[in-house]
Amino acid sequence: MLQRTGGKVIASSCPDVLKKMKKILAIAVIGAGLVTAAPAFATTNLVANGDFENGISVFTSGYYNVGPGGSGADHSVPTDFGWTVSEGNVDYIAYNGYGPAPIGGGSYGLDLVGYGSTGEISQTLTTAVGQVYDVSFHSKAHPGISGPTAAVNGADLSGTVTGGTEWQTFTGSFTATGTSTDFSLAEIYGGSNGGVFLDNISVSAAPEPATWISMIFGFGLLGFMLRNRKGGVASIA
């Protein structure tokens with residue numbers, strides 16, 4: 001502690017000062033370690049163009065139909081679409097005509113059925129063997145179609161979604177069995193020229209339990225040390 005005596009500042013209780021400084025240093029080290037480690041625990045979306053905001057530079061309203069040659073599509077698949085149109089053709093949709101957008105959505109989404117009654121999009125994702133991946137996306141029905149249904153497939157994930165009048169969130173997971181995993185969404189029931197709307201598709205590695213335990217322990221220890229640190233390093237009487 002620093003004390004003022006006769007107009008002079010003198011040091012006292014050096015061991016106490018050093019103890020407090022060590023405690024502050026320990027807190028700083030733990031905090032820096034957690035901040036440094038956090039990016040490693042952050043989830044990265046493996047899906048390209050999961051929000052369907054790419055590939056529509058010439059499209060501003062209504063719908064924009066795309067598909068491979070021979071599918072009857074109005075336009076070829078944009079180079080930055082990110083997806084393979086594996087069956088039929090699909091529509092970009094603009095929310096200024098087919099809105100509102102889901103929470104977190106941008107200006108555009110996708111109708112899984114363009115012309116006809118089928119459609120499928122797929123991507124091959126880079127994965128790690130044995131890693132669990134979380135899957136999520138928003139879906140709803142084309143306003144002119146009742147109860148369209150799509151299949152969701154990826155490794156051991158096999159599910160379905162049925163579009164309703166409001167946006168809903170699908171969540172699931174799969175365990176990768178190889179260094180690449182085919183992920184797809186395919187219309188299995190729809191109407192003529194319309195099906196399930198999709199947006200905000202995400203596939204990301206699920207944090208390992210040990211990761212969460214380490215983070216929780218680290219933040220708990222940091223909080224404990226902060227609660228038990230009293231006063232400052234020095235004071236002037």
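Comments concerning the overall build of the chain
Here comes step 1: Scanning the chain from N- to C-terminus turns up three helices and 13 strands.
Here comes step 2: For the chain, buried positions account for 38% of its 237 residues.
Here comes step 3: Accessible area for the chain stands at about 12500 Å²; split by element, carbon and sulfur atoms hold 58% of it.

Quick word on the packing of aromatic side chains
How two aromatic rings sit relative to each other is set out by the distance from centre to centre and by the angle between their planes.
Here comes step 1: Throughout the structure, instances matching the rule amount to seven aromatic pairs.
Here comes step 2: Each ring, one from Phe 52 and one from Phe 81, has its centre 6.4 Å from the other, and the planes form 35°; the classification is tilted. One end of the pair, Phe 52, is in the loop between helix H1 (14–41) and strand S3 (63–66); the other, Phe 81, is in the loop between S3 and strand S4 (84–88), with 29 residues separating them in the sequence. Here Phe 52 and Phe 81 have matching classes, each one buried.
Here comes step 3: Seen in terms of ring centroids, Tyr 98 and Phe 197 are 5.9 Å apart; in terms of plane orientation they differ by 85°. Their pairing is edge-to-face. Residue Tyr 98 is found in helix H2 (residues 95–98), and its partner Phe 197 is found in strand S13 (residues 196–205); the two are separated by 99 residues along the sequence.
Here comes step 4: The class for Tyr 98 is partly exposed, based on a relative accessible area of 22%.

So, unusual backbone geometry
Here comes step 1: Following Gly 99, the chain continues into Pro 100 via a peptide bond in cis, with omega recorded as 5°.
Here comes step 2: Summarising the element assignment, Pro 100 is placed in the loop between H2 and strand S6 (108–111).
Here comes step 3: A positive phi is found at Asn 49, a non-glycine position, where the angle reads about 55°.
Here comes step 4: Along the chain, the position of Asn 49 falls in the loop between H1 and S3.

Quick notes on the side chain of Asp 199
Here comes step 1: When you line up the elements, Asp 199 lands in strand S13.
Here comes step 2: Among buried Asp, Glu, Lys and Arg side chains, Asp 199 stands out as unpaired, with Lys 140 the closest opposite charge at 11 Å.
Here comes step 3: Among the polar contacts listed, one links the side chain of Asp 199 to the side chain of Tyr 95, at a separation of 2.7 Å.
Here comes step 4: Excluding its chain neighbours within four sequence positions, the residues that come into contact with Asp 199 are Gly 50, Asp 51, Phe 52, Tyr 95, Pro 102, Gly 105, Gly 106, Tyr 108, Gly 109, Phe 137, His 138 and Trp 167.

A short note on the sheet that holds S6
Where strands meet in a sheet, backbone hydrogen bonds hold them as pairs that are either parallel or antiparallel.
Here comes step 1: One open sheet holds the six strands; their spatial order is S3-S5-S6-S13-S8-S11, and the pairing between them is antiparallel. In the strand order of this sheet, the two ends are held by S3 and strand S11 (168–175), each with one partner. If you compare each strand with its neighbour and ignore which way they point, the axes differ by 35° on average.

Structural notes on the environment of Gly 130
Here comes step 1: Position of Gly 130 among the secondary structure elements: in the loop between strand S7 (119–126) and strand S8 (132–141).
Here comes step 2: Residues Gly 130 and Ala 176, 46 residues apart in the sequence, show an inter-C-alpha distance of 5.4 Å.

So, the nonpolar core
Here comes step 1: Among the nonpolar cores identified, the biggest contains 33 residues, and Ile 121, Leu 185 and Ile 201 are the most heavily contacted of them.
Here comes step 2: With four residues, S13 is the single largest residue contributor to this core.

Considering the pairing of strand S5 (residues 90–94)
The side chains of a regular strand alternate, first on one face of the sheet and then on the other.
Here comes step 1: Along S5, five of the five residues are buried, which leaves the element largely enclosed by surrounding structure.
Here comes step 2: Side-chain alternation along S5 places Val 90, Tyr 92 and Ala 94 on one buried face and Asp 91 and Ile 93 on a second face that is also buried.
Here comes step 3: Sheet analysis places S5 next to S6, joined by four bridges and oriented antiparallel. Looking at the pairing, Asp 91 lines up with Asp 111 of S6.

A short note on the sheet that holds S7
Here comes step 1: Strand order in the open sheet formed by five strands is S4-S7-S12-S9-S10, with antiparallel pairing between adjacent strands. One side of each edge strand has no neighbouring strand; the edge strands of this open sheet are S4 and strand S10 (157–162). Here the average twist between neighbouring strands, direction ignored, is 20°.
Here comes step 2: Taken together, the six bridges between strand S9 (residues 149–154) and strand S12 (residues 180–189) define a ladder with antiparallel strand orientation. Bridging from a neighbouring strand, Ala 151 pairs with Ala 186 of S12.

Procedures and definitions
Residues numbered from 1 in each chain as written. Predicted model: local features only at pLDDT ≥ 70, side-chain atom pairs only at ≥ 80, totals over all residues. Heavy atoms only, no water. Helix = DSSP H or I, 4+ residues; strand = E, 2+ residues; numbered from the N terminus. Buried < 20%, exposed > 50% of the residue type's maximum accessible area, 1.4 Å probe, protein only. Areas by Shrake-Rupley, 256 points an atom, 1.4 Å probe, with all protein chains shown as cover. Phe/Tyr/Trp six-rings, centres within 6.5 Å; stacked < 30°, edge-to-face > 60°. Lys, Arg positive; Asp, Glu negative; His and termini not counted. Salt bridge = Lys/Arg side-chain N within 4 Å of Asp/Glu carboxyl O. Polar contact = N/O pair within 3.5 Å; in protein donor to acceptor, adjacent residues only side chain to side chain. Contact = heavy atoms within 4.5 Å. Pairing = 2+ DSSP bridges. Axes fitted to C-alpha atoms, helices over the stretch in contact; angles between N-to-C directions. Core = buried A, V, L, I, M, F, W, Y, C linked by side-chain atoms within 4.5 Å.

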